[in-house]
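Fold and geometry: a report
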Amino acid sequence: MTKEEIIKYLKDVIELESEKIMTETLYEELATEKEEWIHKSHYKAIKRKSNISLVYMIYTALKIFGISFIFWLVAGLFIDKISNLLLSIIAFILMVVSLFIAPIIVPVYSEIKEIRMLKKEFEKNKQKEIDLKKQSKNAIYIVNVNQNKLKDVYKHLNDELDRIYSCGVIYAKYQTLEACTAFLEYLESGRCDRLEGPYGAYNKFDTESYRKQSISNLQGIKMRLDIIISNQNRLEIIAMKMSESIEDMKKDIKNICATTKNIETISLEIAENTKISAWSSTVLATQVADYQSEAIRQTNKI
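First, a word on what this report is: a plain description of the structure on this page.

Conventions used here
- Residues numbered from 1 in each chain as written.
- Predicted model: local features only at pLDDT ≥ 70, side-chain atom pairs only at ≥ 80, totals over all residues.
- Heavy atoms only, no water.
- Helix = DSSP H or I, 4+ residues; strand = E, 2+ residues; numbered from the N terminus.
- Buried < 20%, exposed > 50% of the residue type's maximum accessible area, 1.4 Å probe, protein only.
- Contact = heavy atoms within 4.5 Å.
- Phe/Tyr/Trp six-rings, centres within 6.5 Å; stacked < 30°, edge-to-face > 60°.
- 1 Å grid on protein atoms, 1.4 Å probe; cavity = no way out; pocket = protein on both sides within 12 Å on 5 of 7 lines; lining within 4 Å.
- Points joined across faces, edges and corners; volume = space filled by probe spheres on them.
- Nonpolar A, V, L, I, M, F, W, Y, C, P; charged D, E, K, R; others polar.

**Structural notes on the overall build of the chain**
A count of helical and extended segments in the chain gives nine helices and zero strands. Its helices and strands taken in sequence order, the chain reads α-α-α-α-α-α-α-α-α from the N to the C terminus. Burial analysis of the chain (302 residues in total) assigns 38% to the buried set. Considering only residue pairs separated by 6 or more positions, the chain has 81% of its internal contacts joining residues 24 or more positions apart.

Written as structure tokens, this is what we have:
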């Protein structure tokens, strides 16, 4: 293959390897999202008991009675001096209320108020339980549909990579995103004009990889850009674009799952209306050139 044909070949390999990494990462992200919704689906509304005990009610009643008793004991010294009959009657009624009625009504009212509050809280939490079960069911269905899409994409990409690598342009040792990105930079920049030989891309990559820290775990995409090999600007750009695309698709499906609260049954159409599904369809519809046939054709020419 000519230098230009190798460059085109490397670009196709890089695209496939990048999409494979994105597929793996998105699948892992969806698995995490699914676990979160499964956990939410286990939420149960708990009916709490009143914190106001019988002992507390008796204590409150005795406290009110005691305070009222002391008050009216002192007030009695002045009530005897009241000559107005109406005021005396009012004072007597107030005394009866504070000594005998209030000690009963106040704790009972507190208990009723507490029970009503707990009932409302339980009803609210029960509704939350119902909503979460329905929402979780819908969200898990959406995640499952998109995970199945990603499984199809992963198989497609593996098949395409097997097919493109089988033509023997790149040695098996160098069939990675990192290596192919480096080779592309070497060839496009003119630092190398071939893959093999003492001045070829293979030898240069091995030398630079030995000297500098290699990025071998791109699958997680959580890489730190400060450890990327300094002369692989293209790899840095690819990594950033992958991270941005994954984050965008992850946020999209999170938002869709979060808005299924009021939907009774999620249709397949709704579940597939995600950026992940759209991206998956685009990848599945893409096929790289048939380099195997081209390699045979070139051999026959020779």
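**Notes on the packing of aromatic side chains**
Per the stated rule, a full pass over the model turns up seven aromatic pairs. Judged by centre distance (6.1 Å) and plane angle (20°), the rings of F65 and F69 are stacked. Residue F65 and its partner F69 are both found in helix α2 (residues 54–79); the two are separated by four residues, about one turn of the helix. Here Y174 and F205 contribute two aromatic rings whose centre-to-centre distance is 6.2 Å and whose plane-to-plane angle is 80°, an arrangement assigned as edge-to-face. A residue pair is termed long-range when its members are at least 10 positions apart, and Y174 in the loop between α3 (85–165) and α4 (177–189) and F205 in helix α5 (residues 201–211) qualify at 31 residues.

**A look at the environment of K63**
On the secondary structure map, K63 appears in helix α2. Each C-alpha atom, one on K63 and one on P103, is 7.9 Å from the other, the two residues being 40 residues apart in sequence.

**Topic: the layout of surface pockets**
Computed from the structure, the second largest pocket encloses a volume of approximately 220 Å³. Secondary-structure elements contributing two or more residues to the lining of the second largest pocket are α1 (3–41) and α6 (233–258). Looking at the lining of the second largest pocket, the element that brings in the most residues is α1, giving six residues. In terms of residue class, the lining of the second largest pocket is made up of five nonpolar, two polar and five charged.

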